[in-house]
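# Examining the three-dimensional arrangement
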Amino acid sequence: MALTGKTAVITGSNSGIGLGIARSFAAAGLNVVLNSYTDRKEDHALAEELAKAHGVDVRYIKADLAKGDEARNLIEEAGACDILVNNAGIQHVAGIDEFPTAKWDAIIAINLSSAFHTTAAALPMMRKAGWGRVINIASAHGLRASPYKSAYVAAKHGIVGMTKVVALETAQEPITANAICPGYVLTPLVEEQIPDTMKKYDMDRETAIKEVLLDRQPSKEFATTDQLGGTALFLCSDHAAQITGTTISVDGGWTAM
Ligand code: NAD
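Residues numbered from 1 in each chain as written. Predicted model: local features only at pLDDT ≥ 70, side-chain atom pairs only at ≥ 80, totals over all residues. Heavy atoms only, no water.

To continue, consider helix H8 (residues 205-213). Along an α-helix, residues three or four positions apart point the same way, because every turn accommodates 3.6 residues. Among the residues of H8, Ala208, Ile209 and Leu213 are the ones counted as buried. One face of H8 carries all of its buried residues, which in axial projection span an arc of 100°. Next to the buried residues of H8 lie helix H6 (188-191) and helix H7 (193-201). Where H8 begins, the side chain of Asp204 points an oxygen toward the backbone nitrogen of Glu206, at a separation of 3.3 Å. (Buried < 20%, exposed > 50% of the residue type's maximum accessible area, 1.4 Å probe, protein only. Helix = DSSP H or I, 4+ residues; strand = E, 2+ residues; numbered from the N terminus. Arc of directions from axis to C-beta. Contact = heavy atoms within 4.5 Å. Polar contact = N/O pair within 3.5 Å; in protein donor to acceptor, adjacent residues only side chain to side chain.)

So this is what it looks like as structure tokens:
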């Protein structure tokens, strides 16, 4: 099935992994809907830049995915959704007894519940089009836990579970649902954790990255947004038509341990 001309909606895609996937998709001839909760000039400029570079249709649609109705509206406003990439996510690090309730609620809403709403809105469109791909960006934390990340680990395990359910509900249709589980990727979400880690362990940046952040990533290298774009693109290909309800780790060996 040719991908050219199909439409991909990628949540949380004005930055990091989502933007990396958007770049790979646009380069492959897909029309792309970018999203975040902001409505800045640079968000729309990003869409223009991608459209110009690859001769495809790229739009930016603002939607705050902490709100279920906005998540559903994003898909309605997109008008078509052959490929849905649920990527938006946030992080907060604190012991469970000190974890702010508002942060817990926001992480569950953005990292997990938004994918329920977008998937519910997108599946009828995929069924009507007779083809579809749901790609959830989970994490190595969808398969393994770390201390101080209760909400994130709960949301990521949750999205891996939901991926399996969507796969079973669409198993006899030309639709697949899978989760990509990245290890550490150097994006703003990870960059924000570096100063705290340096302070906590009294380390310079390079040591904090190698010995703390990449402690559990045996390759000792970050995965790249381009590698994640390539993995997502593979899941859209005909070669991946029988891959559904599973996870693909891009984690330098983390979950082999
Ligand atoms: P990032 O901070 O660069 O990107 C997160 C995106 O989500 C941004 O576009 C942001 O604007 C968007 N977003 C945040 N809150 C939103 C809201 N309320 N509504 C709409 N959009 C919102 O981080 P990233 O590292 O690219 O993370 C992308 C996904 O990858 C997340 O789900 C994250 O959990 C997952 N992930 C990241 C890593 C990593 O090491 N960077 C590892 C595993 C999984």
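In the region of the ligand, 31 residues are neighbours, and Asn14, Ser15, Ser36, Tyr152 and Thr187 sit closest. Contacts to the ligand include Ser15, whose side-chain N or O atom sits 2.6 Å from an oxygen atom. One of the side-chain N or O atoms of Ser36 is found 2.6 Å from an oxygen atom in the ligand. Those elements that provide at least two residues to the shell around the ligand are helix H1 (16-27), strand E2 (31-36), helix H5 (150-169) and H6. Top element by residues in the shell around the ligand is H6. It accounts for 3 residues. A domain-level breakdown of the shell around the ligand finds at least three residues from each of domain 1 (7-185 + 223-251) and domain 2 (187-220). (Near = heavy atom within 4 Å. Domains from an automatic or database assignment.)

Not every positive phi belongs to a glycine, and Tyr148 is a case in point at roughly 70°. Mapped onto the elements, Tyr148 comes out in the loop between strand E5 (132-137) and H5. You will see that Asp202, though not glycine, has its phi angle at about 50°, which is positive. Mapped onto the fold, Asp202 is located in the loop between H7 and H8.

With respect to the helices and strands, the residue Val58 is situated in strand E3 (residues 58-62). In this structure the C-alpha to C-alpha distance between Val58 and Ile110, which are 52 residues apart in sequence, comes to 23 Å. Residues in contact with Val58, not counting those within four places in the same chain, are Val32, Leu34, Ala47, Leu50 and Ala51.

By size, the foremost hydrophobic cluster in this structure holds 37 residues, and its most contacted members are Val9, Leu74, Ile75, Cys81, Leu84 and Met126. Listed by contribution, the elements that provide at least two residues to this core are helix H3 (68-78), helix H4 (101-129), H5 and strand E6 (175-182). At 10 residues, the largest contribution of residues to this core is made by H4. In terms of nonpolar packing, the next biggest core, distinct from the first, is built from 33 residues, Ala8, Leu50, Ile83 and Cys236 among them. (Core = buried A, V, L, I, M, F, W, Y, C linked by side-chain atoms within 4.5 Å.)

A separate point is the domain arrangement of the protein chain. Once the domains are mapped, the protein chain shows domain 1 (7-185 + 223-251) and domain 2 (187-220). One C-alpha centre belongs to domain 1, the other to domain 2, and the line joining them spans 25 Å. Listed per partner, the contact involves 17 residues of domain 1 and 10 residues of domain 2. When the two sides are added together, the surface that domain 1 and domain 2 hide from each other amounts to roughly 970 Å², 53% of it contributed by carbon and sulfur. Contact with domain 2 buries surface across domain 1, with Tyr184, Val185 and Asp251 losing the most and accounting together for 49% of the total. (Buried area = accessible area lost by both parts, 1.4 Å probe.)

In this structure, Lys6 sits in the segment before strand E1 (7-10). Buried Lys6, no salt bridge; nearest opposite-charge side chain is Asp82, N-O distance 5.1 Å. Among all residues touching Lys6, those that are not within four sequence positions of it are Met1, Leu30, Asn31, Asp82 and Trp131. (Lys, Arg positive; Asp, Glu negative; His and termini not counted. Salt bridge = Lys/Arg side-chain N within 4 Å of Asp/Glu carboxyl O.)

Among the structural elements, Ser36 can be located in strand E2. When the C-alpha atoms of Ser36 and Gly12 are compared, they prove to be 4.8 Å apart, with 24 residues separating the residues in sequence. Ignoring anything within four residues of it in the chain, the contact list for Ser36 reads Asn14, Tyr60, Ile61, Lys62 and Ala63.

So, about the sheet that holds E3. Taken together, the 7 strands give an open sheet; going across it, the order is E3-E2-E1-E4-E5-E6-E7, and neighbouring strands pair in parallel fashion. Edge strands, defined here as strands with exactly one partner in the open sheet, are E3 and strand E7 (247-250). Neighbour to neighbour, the strand axes of the sheet diverge by 20° on average, direction disregarded. Here E5 runs beside E6; their pairing, made up of 6 bridges, is parallel. Residue pairing in the sheet places Arg133 in a bridge with Thr176 of E6. Of the strands in this sheet, E1, E2, strand E4 (83-86), E5 and E6 touch H1, which is tilted by about 170° from E1. Each of E5, E6 and E7 touches H5; the most contacted strand, E6, lies at about 160° to it. (Pairing = 2+ DSSP bridges. Axes fitted to C-alpha atoms, helices over the stretch in contact; angles between N-to-C directions.)

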